[in-house]
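Fold and contact review
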Amino acid sequence: MKGRVTVAATLATLGALPLLHPLFLDRDWWPVPAVAVLAVGLTSLAARALRSPALLLPLFQAVVLLALLTGCHASGEALLGVVPTGGSMAVLRGLAEAGMAEIDANPSPIEATSSLVFVVTLSLGLFAMLVDLVVVTLRLAALSGLALLALLFVPLSVHEEGIGGPAFVVAAAGFLILLVVDGWERARERGALPGRAGGAGRHAVDGLLIAAPATALALLVPAVVPGLASGTVFGLIDEVRGDNGTVTTVHPMASLRRGLLSTLDRRVLEYRTSTEEPDYLRVHVLDAFDGENWTMSAVRAAQRYRVTEEALPPVPGVESDAAVETTTDITVTPTAQDMNFLPLPYPAQRIEISGDWFADPDTLMVFAPQGNAGGLTYRVTSPRFATDPDDLAAASPNVSGVDRRYLDVPAGLDPRIGELTRSIVADASGPHERAVALQEWFTDGRFEYSLQPPAVPEGEDPLARFLFEERVGYCEQFAAAMALMARQAGIPARVAVGYTPGEQIFDDHWLVTERDAHAWPELYFEGHGWLRFEPTPSSGQGQPGANVPDHASSAPEGGTPTPDAPEEAATGSTTDVPSPEEEPTPSSSGSGAPAAEAPTSAPTSRPAPLSPLVLVSLTLVVAPLLPALLRTLRRRVRWAGARSHAARSRAAWLELRDDVLDTGLAWNPAESPRGVARRLGEERRLSAEARAALDRIALAEEGARYAPVPPAPSQDLAADSLLLRGALRAGAGPWGRMRAVLLPRSLLVWGARPRRRRAHA
Amino acid sequence: MSLDTRLTGRDDEAVHDVGAVLDTADRIRTAVETVIEGKTEVVRIALTVLLAEGHLLIEDIPGVGKTMLAKALARSIDCSVSRIQFTPDLLPGDITGVNAYHQERHEFEFVPGPVFANIVVGDEINRASPKTQSALLECMEESQVSVDGETRELERPFMVVATQNPVDMEGTYPLPEAQRDRFMARVAIGYPSPQAELDMIDTHGSRSPLAGLEPVAKAADVQNMIDRVRAIHVSPSVRRYAVDLVSATRSSPALRLGASPRATLHLVRAARAYAALEARSYVIPDDLQALAVPVLSHRLLPSTEARIEGLPVEQVVRDLVARIPVPD
């Protein structure tokens, strides 16, 4: 009888396993947990076939589960391979601790190590026991849906991408099968009662008719409604989804511009540094130019590059090891929002910070998929390499230590840009001279710095307009243009976004505010790595706080590496390419940076782990049903625990009390059982059948309480109780009935009696 | 009533035992009810007191059949019965008996008083002097008589059925609290219903109804019933309930004097008999509830406030019963 339900419960639990699949890197984590679930189910089947008491069942299941775990993980220490010993238990405990530590330490997906598989097997084994208890012992099949829901929340809450549709379907199907089987069995049991014959299986069909469309809706609605589709619940069509954890963020250029134009000029961070001349603080690196915008390719939060006590990935391309270490203690203001990339001096090599942060080995950006640097304080150690000007000047134009994508120039650019670049670098020998020439071309005075560049007419190429016509812009345009032109000149380049050193408050304390936001090009030189250049006019009318680094000054023979240098240098390098002469021909595939306000094609914000909307709707749906659920649960527990005559009488009596309270009638603890029966018979016009049932229940309770040997109840008290509940509710009117179901007053009463008043009180 | 018969819990083993009690008791009840019509509850209490080895106090105005009830109960059992009419000049020896000098044998010989009987009907007990009253009360409590230093056992069963007029009637010595406490229960008969009164004229008009009353049970039967009643089960929780009920009277603000521990004993003993009369082998709180007023109220004194409010003691007891939780 209960066998079918047991099998269905086991199937439903197995069906829930795929829900956890996205949490693991390895594809083969599941066999051992599945065996554990099966073992628990088979134990239940066997024990019920042998008619063992239901109370002992969890014990048997626990023993089997323990033997299985011992056999799989600690057979060396165990007797006969499966019988636990002190040694094997110690091994298991160690595995559990290690597994928990791994779960704590790593974001999903996670590698299925043996300790992790142990923890998962144990959890799923216990889960299967719980489902078995709820479904088979307590006969509350529907309640197991809550347990499955809890399992569903695991991937939803820790995994960025949510769960897959197929896994959801499998889990839902398992649950539906369970409901159907349970309903069928229940109908058969009812059919055995007089007056309730027939209709076996009708419940099952009814249930399916409701459940199947509901499941279909659950799958379809999120896919159709745009607001839900990209959310975490069904992260199925996320474009930037990689095969690993990905992270997206608001386009750095958009936040840059917002910062520069901020009227409030809020503080962003403060830092103390060991150097007199602190470097820029870099946040993002934009490495791809699509012809219009600089964007950031997706970065991976890989375990290997998790930020720990140890050093970050090595600085790319640097061969020198003569470096001066600089330490910077950065405190980000607590109100900073969505700052999931850390502002860092380049190149950061060691970071002491709390939370889960990951480094990108290529750019040395540090980020956290779930984190926010707001309010954090961290210490950064960054080397400052001594660059010998001669070496730099002699750097090879053949770059090999860097990805070729840093040289990508999209097709279809305005041809004048290429010509311009060639003319600027024509006289330069070597990559470094070319880079300096480009930088000087921007800073020699022909450009005007303004945070409000003129609007670009519709259809025109913003970059060409910036280079050839307006020549007005701010750091974003300068950096974007120079990085592109450097690529055209054969130098690997990218755009960095972050902050200038800010303002020195006193001693070694510096303050960075929103208006210190900045963008600059980073150029790569063989043997020297990525070096910062500064094409944006920095002094006077230029960007405050910006400065030209030593290695980027034009004249090793006597250049002035002061922030004011560019203007002086400008006099030296003349405009060998008179751009105004060239006619601007707008090209549709032109490039330029000013479109930065628009977000990139990638989702602009990271989906929240669990949408508040989902939580709220769940609460709205579940909360009103909670009292009814609790009431039902209490009834089931009461009957399930009642074995002896006395206990069954007691259960029937307490049920009567609760039903009386639920239907709004009074309950006086000073009334004896037959006193209650007498009163109820008078207050509610009960049918003769209900009266008889009431009398039986009262007599059974009376006998159980006061007789030396409780008499056996004459009939099935559970049936009497059911009949009586129906009669009481029928007499309560429609509102009373609804209140009895949804807001059962009896829930306010715990313990054996509503209120105990001592006679002596 | 119908509910009570339907609800009667019959326990296979106990039914056999209790069944015999029920048969005899039913016969007595039927016999008494031919004389006192329409007073089922009063008759039931009287029977209960008989089976519980207690003494009954019948208090009511004259002429409603107090003595008739006492006599009918006595007459329906085939046992020795004596009747004492209490008057102010009655002496203790008139009750207990005296040592009289035997002229021929030249020695004192004990002449037993009317108290040496199975059922003693004490009419208008509150008209006797306190000294005489107390002589009877010693017999009630001890089931023995002490005359001139010699103690004599009374017969079994022994029951005193005393009647008294309400205490505010003329020419009465109210029973002191200590003496009222010796009675297991007090009942009031009350006026008959008009129909019962009409019937009474018809049937009682010509001859005394007692004349036709034949004994329906022997004294040994009654003693046998009493022994069985002692075996009725009282669960610990029900005992506790009895204690709760009685001690509640001691803390009630409406009462100046609460019930004594003897009241608790009487209550439980009476409840056993009451259960047996319902053919039940165990006591339930309902028995105690039904007996609380007759067993407790005559032992209680209302507080001044309750007296001023006109709150009868019986009502106070009923309120307590409705308030004390029954045991689980």
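Residues numbered from 1 in each chain as written. Chains lettered and ligands numbered in written order. Predicted model: local features only at pLDDT ≥ 70, side-chain atom pairs only at ≥ 80, totals over all residues. Heavy atoms only, no water.

What follows covers the packing of aromatic side chains. On inspection of all chains with the given rule, the structure shows 17 aromatic pairs over all chains. Ring geometry for Trp-441 of chain A and Phe-447 of chain A: centres 5.4 Å apart, planes at 75°, overall edge-to-face. The burial state of Trp-441 of chain A is the same as that of Phe-447 of chain A; both residues are buried. Between Phe-110 of chain B and Phe-116 of chain B, the aromatic rings sit 5.7 Å apart at their centres with planes inclined by 75°, giving edge-to-face as the arrangement. According to the relative accessible area criterion, Phe-110 of chain B is buried, its value standing at 14%. The buried category is assigned to Phe-116 of chain B, whose relative accessible area is 19%. (Phe/Tyr/Trp six-rings, centres within 6.5 Å; stacked < 30°, edge-to-face > 60°. Buried < 20%, exposed > 50% of the residue type's maximum accessible area, 1.4 Å probe, protein only.)

On to the packing of helix α19 (residues 673-683) of chain A against helix α20 (residues 688-706) of chain A. Residue and element names in this part refer to chain A. Two elements in contact, α19 and α20, have axes whose closest approach is 8 Å; the angle formed by their N-to-C orientations is 165°. By the angle class used here, α19 and α20 are roughly antiparallel. Handedness of the α19/α20 crossing: right-handed. Facing Pro-673, Arg-674, Ala-677, Leu-680 and Gly-681 of α19, the residues of α20 in contact are Arg-691, Leu-694, Asp-695, Ala-698, Leu-699, Glu-701, Glu-702, Arg-705 and Tyr-706. Here the contact of α19 with α20 is built from residues that sort into seven nonpolar, one polar and six charged. (Axes fitted to C-alpha atoms, helices over the stretch in contact; angles between N-to-C directions. Helix = DSSP H or I, 4+ residues; strand = E, 2+ residues; numbered from the N terminus. Parallel < 35°, antiparallel > 145°, perpendicular 65-115°, else oblique. Left-handed = near helix turned anticlockwise from the far one by under 90°. Contact = heavy atoms within 4.5 Å. Nonpolar A, V, L, I, M, F, W, Y, C, P; charged D, E, K, R; others polar.)

Turning our attention to the pairing of strand β1 (residues 56-59) of chain B. Residues and elements named next belong to chain B. Neither face of β1 is left uncovered, since the one carrying Leu-56 and Ile-58 and the one carrying Leu-57 and Glu-59 both have all their residues buried. Bridging between β1 and strand β9 (residues 159-164) involves four bridges; their strand directions are parallel. Considered in β9, the bridge of Leu-57 is made with Ala-162. Note: β1 against strand β10 (residues 185-187), three bridges, orientation parallel. (Pairing = 2+ DSSP bridges.)

Take the sheet that holds strand β3 (residues 81-85) of chain B next. Residues and elements named next belong to chain B. In spatial order, the strands read β3-β6-β9-β1-β10; together these five strands make up an open sheet with parallel pairing. Strands at the two margins of the open sheet, each flanked by one partner only, are β3 and β10. Put simply, the sheet's adjacent strands are angled 20° from each other on average, direction ignored.

With that settled, consider the sheet that holds strand β7 (residues 323-332) of chain A. All names here are of chain A. Reading across from one edge, β9-β12-β7-β2-β17-β16 is the order of the six strands in this open sheet, with antiparallel pairing throughout. The strands lining the two open edges of the sheet, one partner per strand, are β9 (350-352) and β16 (503-506). Geometrically, the sheet is characterised by an average inter-axis angle of 30° between neighbouring strands, direction not taken into account. Judged from the three bridges that link them, β9 and strand β12 (residues 377-385) form a sheet pairing that is antiparallel. Within the sheet, the bridge partner assigned to Glu-352 lies in β12 and is Arg-379.

Residues and elements named next belong to chain A. Overall, the predicted model of chain A reaches an average pLDDT of 76, with 79% of residues at or above 70. The low-confidence segment residues 226-248 (pLDDT under 50) makes 63 contacts with residues lying over four places distant or belonging to another chain. When the criterion is pLDDT under 50, residues 752-761 qualifies, and its contacts beyond four places in sequence or with other chains add up to 26 contacts. (pLDDT = per-residue confidence, 0-100.)

Time to look at the side chain of Arg-729 of chain A. Its place among the elements puts Arg-729 of chain A in helix α21 (residues 717-730). We note that Arg-729 of chain A is buried and unpaired, the nearest opposite charge coming from Asp-659 of chain A at a distance of 4.7 Å. (Lys, Arg positive; Asp, Glu negative; His and termini not counted. Salt bridge = Lys/Arg side-chain N within 4 Å of Asp/Glu carboxyl O.)

Take the UniProt feature "transmembrane region" (unreviewed entry) in chain A next. Those residues carrying the UniProt feature "transmembrane region" (unreviewed entry) are residues 32-50, 62-83, 116-135, 140-158, 164-184, 205-225 and 610-630 of chain A in this numbering. For residues 116-135 of chain A, the helix share is 100%, the strand share is 0%, and the end-to-end C-alpha distance is 28 Å. (UniProt positions renumbered as here; feature names shortened; annotations may be inferred.)

With respect to the helices and strands, Gly-703 of chain A occurs in helix α20. For the pair Gly-703 of chain A and Ala-646 of chain A, spaced 57 residues apart in the sequence, the C-alpha separation amounts to 8.1 Å. For Gly-703 of chain A, the residues in contact, after removing those within four places along its chain, are Pro-710 and Pro-711 of chain A together with Tyr-282 of chain B.

Next up on the list: a nonpolar patch on the surface. Residue and element names in this part refer to chain A. Together, Leu-625, Trp-735, Met-738, Val-741, Leu-742 and Leu-743 make up a nonpolar patch on the protein surface, roughly 640 Å² of accessible area in all. A total of four residues in the nonpolar patch trace back to one element, the largest contributor, which is helix α22 (residues 733-742). Assignment of secondary structure puts Met-738 in helix α22. Classification of Met-738 as partly exposed rests on a relative accessible area of 44%. (Patch = residues over 30% accessible without salt bridge, like charges linked within 9 Å, V, L, I, M, F, W, Y side chains within 5 Å. Areas by Shrake-Rupley, 256 points an atom, 1.4 Å probe, with all protein chains shown as cover.)

Our focus in this paragraph is the pairing of β7 of chain A. Each regular strand carries side chains that alternate between the two faces of the sheet. All names here are of chain A. Relative to β7, strand β2 (residues 267-273) is paired through five bridges, and the arrangement is antiparallel. Paired with Thr-273 across the two strands is Thr-328, which belongs to β7. Across nine bridges, the pairing between β7 and β12 is antiparallel. In the sheet register, Ile-330 faces β12, and the bridge partner there is Tyr-378.

Our focus in this paragraph is unusual backbone geometry. A cis amide bond links Tyr-346 of chain A with the next residue in sequence, Pro-347 of chain A, at an omega value of -10°. Inspection of the secondary structure assignment puts Pro-347 of chain A in the loop between β8 (344-345) and β9. A cis amide bond links Arg-156 of chain B to the next residue, Pro-157 of chain B, at an omega of -15°. If you trace the backbone, Pro-157 of chain B turns up in the loop between β8 (150-153) and β9. Notably, Glu-124 of chain B is not glycine yet its phi reads approximately 50°, a positive angle. Its place among the elements puts Glu-124 of chain B in the loop between β6 (119-123) and α6 (130-142).

On to the environment of Gly-258 of chain B, then. Counting through the fold element by element, Gly-258 of chain B comes out in the loop between β12 (255-257) and α11 (261-277). As for Gly-258 of chain B and Val-246 of chain B, which are separated by 12 residues in sequence, their C-alpha atoms are 7.7 Å apart.

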